[in-house]
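# Structural characterization, general
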Amino acid sequence: MGKSDFLSPKAIANRIKSKGLQKLRWYCQMCQKQCRDENGFKCHCMSESHQRQLLLASENPQQFMDYFSEEFRNDFLELLRRRFGTKRVHNNIVYNEYISHREHIHMNATQWETLTDFTKWLGREGLCKVDETPKGWYIQYIDRDPETIRRQQEQERKKKQDLDDEEKTAKFIEQQVRRGLEGKEVEKPVYTELNRENDEEKVAFNLNKGASTSIAASSKTSGLGPNALKMVEGAVKRKESAHSSGQSKEKKKKSALDEIMELEEEKKRTARRDYWLQPEIVVKIVTKKLGEKYHRKKAVVKEVIDKYTAVVKMIDSGDKLKLDQTHLETVIPAPGKKVMVLNGGYRGNEGILESINEKRFSATIVIDSGPLKGRRVEDILYEDISKLA
């Protein structure tokens with residue numbers, strides 16, 4: 001086996017070395033040439049191709065610097081947006097991940113001398129939120145995508161609607177409490193004097209629970225006096241009125257409690273989250289950044305990561321992609337097919353699609369799993385259900 005053979009140890013070692021990152025001082029940005037040692041870099045600088053590149057750069061050096069600066073900025077921000085989103089992260093972490101790519105634009109070819117200068121520039125231009133801490137500079141990407149802004153406005157609108165519902169609930173409970181306190185005044189008893197015309201006269205009371213008071217008077221000569229009879233009749237009337245008022249208050253309290261429970265159940269049913277991804281549902285890709293190959297194509301969610309990101313598998317090609325939920329939308333099947341509820345109080349339940357209301361962009365489903373099996377849910381939004389794979 002000769003020394004120049006493709007499978008010789010030296011050739012293999014050279015290929016392994018060329019894959020990794022080399023020293024920055026032996027890299028020529030103009031020619032995009034990475035040299036392995038000082039001698040190779042010296043030979044490159046003396047080459048005719050390098051001299052031609054220097055002549056071109058000397059004619060308009062600012063144009064080349066602006067080009068490299070723009071490429072560095074775009075690649076850095078794209079990595080920050082895709083990898084970290086709008087999370088607050090240390091600038092050195094993003095930079096180390098950026099330079100791990102072998103063909104990246106080096107900072108010494110841009111208008112910024114250090115990473116700190118570049119970070120401050122991002123803050124002045126309004127591209128990122130930057131703040132300095134004892135541990136260094138932190139950056140946070142500002143997402144100005146129209147779709148993201150629309151989603152944030154939708155979340156704020158739903159949050160305001162929930163607050164309005166809470167205020168209505170509080171006012172309703174206050175009214176119910178006021179109604180319950182209206183009839184709590186206890187009727188004061190009226191006392192009358194019991195007079196007997198004859199000392200030998202006897203009076204007996206027989207009070208039975210749940211029945212009217214029976215009065216038995218036994219006397220050898222005559223019956224009860226008129227004053228005693230009036231007192232007994234007044235006591236019976238007071239007992240009946242107190243019993244009826246107690247029953248009416250109990251009915252009021254019970255009805256108010258039932259209404260509050262129903263209101264709480266309705267509020268729980270309409271509870272929403274800002275994330276909706278679930279495994280084994282069919283979704284449609286709506287972003288155009290992946291090209292026409294995947295735009296408006298259907299896929300199946302295989303795995304949900306951090307609630308907002310999913311690994312999907314294309315139905316037609318079988319390719320696997322990792323996408324944010326903003327780049328996906330739900331799929332509504334034909335009536336009679338199985339769907340999964342993705343948001344609201346019935347979240348996570350499977351059901352059968354019964355009908356579709358195109359004017360109100362809603363559907364009617366019948367829950368097919370869990371303790372609520374058989375329940376019919378009307379006017380559930382398109383975005384809250386999706387077809388099951």
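Everything numeric here is computed off the predicted structure, so don't read it as measured data. (Residues numbered from 1 in each chain as written. Predicted model: local features only at pLDDT ≥ 70, side-chain atom pairs only at ≥ 80, totals over all residues. Heavy atoms only, no water.)

## Details of the overall build of the chain
Counted only if it meets this: Secondary structure elements follow DSSP: runs of H or I no shorter than four residues count as helices, runs of E no shorter than two count as strands, and numbering proceeds from the N terminus. Burial classes follow relative accessibility: with a 1.4 Å probe on protein chains only, a residue under 20% of its type's maximum area counts as buried, one over 50% as exposed, and anything between as partly exposed. Only heavy atoms enter the contact rule, under which two residues are in contact if any of them lie within 4.5 Å.
A tally of regular secondary structure across the chain gives eight helices and 17 strands. Taking all 389 residues of the chain together, 26% fall into the buried category. Considering only residue pairs separated by 6 or more positions, the chain has 47% of its internal contacts joining residues 24 or more positions apart.

## Details of helix H6 (residues 115–125)
The following threshold applies: As used here, the arc belongs to the directions running from the helix axis to the C-beta atoms.
Listed in full, the buried residues belonging to H6 are Leu 115, Phe 118, Thr 119, Trp 121 and Leu 122. Looking down the long axis of H6, one finds its buried residues gathered within 160° of arc, a one-sided arrangement. Taken together, the buried residues of H6 touch helix H4 (61–84), helix H5 (91–99), strand E4 (128–133) and strand E5 (136–141).

## Side note on the sheet that holds strand E16 (residues 376–381)
Note the following rule: Note on pairing: two strands pair once DSSP finds at least 2 bridges between them. For helices, the axis comes from a line fit to the C-alpha atoms of the stretch in contact; other axes are also lines fit to C-alpha atoms, and the angle between any two N-to-C directions lies between 0 and 180 degrees.
Read across the sheet, five strands follow the order E16-E15-E14-E13-E17 without closing on themselves; strand pairing throughout is antiparallel. Every interior strand has two partners, whereas the edge strands, E16 and strand E17 (385–387), have only one. Averaged over all pairs of adjacent strands, the angle between strand axes in this sheet comes to 45°, irrespective of strand direction. With six bridges joining them, strand E14 (residues 350–357) and strand E15 (residues 362–367) adopt antiparallel strand pairing. The residue of E15 that forms the bridge with Ile 356 is Ala 363.

## Here we look at the pairing of E14
Relative to E14, strand E13 (residues 338–341) runs antiparallel, the two sharing three bridges. Bridging from a neighbouring strand, Met 340 pairs with Glu 350 of E14. Between E14 and E15, which follow one another and run antiparallel, lie four residues, and Phe 361 among them has a positive phi close to 50°.

## Side note on the packing of H4 against H6
Heads up, the rule is: An angle below 35 degrees is read as roughly parallel, one above 145 as roughly antiparallel, one from 65 to 115 as roughly perpendicular, and any other as oblique. Note on residue classes: Ala, Val, Leu, Ile, Met, Phe, Trp, Tyr, Cys and Pro are nonpolar, Asp, Glu, Lys and Arg are charged, and everything else, Gly too, is polar.
Here H4 crosses H6 at 75°, and the two axes come no closer than 13 Å. What the angle tells us is that H4 and H6 run roughly perpendicular. Note on element contacts: H6 touches H4 through Phe 118, Trp 121 and Leu 122, opposite Phe 72, Arg 73, Phe 76 and Leu 77. Looking at the contact of H4 with H6 residue by residue, the class counts come to six nonpolar, no polar and one charged.

## Details of the pattern of salt bridges
Filter applied, for reference: Think of a salt bridge as a Lys or Arg side-chain nitrogen and an Asp or Glu carboxyl oxygen that are within 4 Å of each other.
Across all of its chains, the model carries 13 salt bridges by this definition. Arg 157 is the partner of Glu 154 in a salt bridge, and the nearest nitrogen-oxygen pair spans 2.4 Å. Taken together, the residues span about one helical turn, with Glu 154 and Arg 157 both in helix H7 (residues 146–182) at a distance of three residues. Of the residues examined, Glu 154 reaches a relative accessible area of 25% and is grouped as partly exposed. Residue Lys 158 is joined to Glu 383 by a salt bridge in which the shortest nitrogen-to-oxygen separation is 3.5 Å. On the criterion of sequence distance, the pair formed by Lys 158 in helix H7 and Glu 383 in the loop between E16 and E17 is long-range, its members being 225 residues apart. Its relative accessible area of 40% is what places Glu 383 among the partly exposed residues. Each of the salt bridges in this network shares a partner with another, and the network as a whole consists of Glu 78, Arg 81 and Arg 82.

## Brief notes about the sheet that holds E4
The strand order across the open sheet built from three strands is E3-E5-E4, with neighbouring strands paired in antiparallel fashion. Each edge of the sheet is formed by a strand with only one pairing partner; in this case those strands are strand E3 (88–90) and E4. Neighbour to neighbour, the strand axes of the sheet diverge by 30° on average, direction disregarded. Where E4 meets E5, six bridges bridge the pair, whose relative direction is antiparallel. The residue bridging Lys 129 from the neighbouring strand is Gln 140, located in E5.

## Remarks on the confidence of the model for the chain
So the rule is basically this: Per-residue confidence from the predictor is given as pLDDT, running between 0 and 100.
Residues at a pLDDT of 70 or more form 76% of the chain, whose mean pLDDT is 78. The element-level mean pLDDT for the chain is lowest in strand E7 (residues 214–218), coming to 42, with strand E8 (residues 282–285) highest at 93. Under a pLDDT of 50 for its full length, residues 209–225 has, in the predicted model, 20 contacts with residues more than four places off or in other chains.

## So, unusual backbone geometry
If you check the backbone angles, Arg 296 has positive phi at about 60° while not being a glycine. Tracing the backbone shows Arg 296 in the loop between E8 and strand E9 (298–305). The backbone of Lys 307 shows a phi angle near 70°, a positive value even though the residue is not glycine. With respect to the helices and strands, Lys 307 occurs in the loop between E9 and strand E10 (309–314).

## A closer look at the packing of aromatic side chains
Heads up, the condition is: Centres within 6.5 Å make a pair out of two Phe, Tyr or Trp rings, where for Trp the six-membered ring is used; the pair is then stacked when the planes are under 30 degrees apart, edge-to-face when over 60, and tilted otherwise.
One pass over the structure, following the stated rule, counts 12 aromatic pairs. Measuring from centroid to centroid gives 6.2 Å for Phe 72 and Trp 112, while their planes differ by 45°, and the two rings are tilted. You can see Phe 72 sitting in helix H4 and its partner Trp 112 sitting in the loop between H5 and H6, a full 40 residues away along the chain. Given a relative accessible area of 7%, Trp 112 falls into the buried group. Ring geometry for Phe 76 and Phe 118: centres 5.0 Å apart, planes at 90°, overall edge-to-face.

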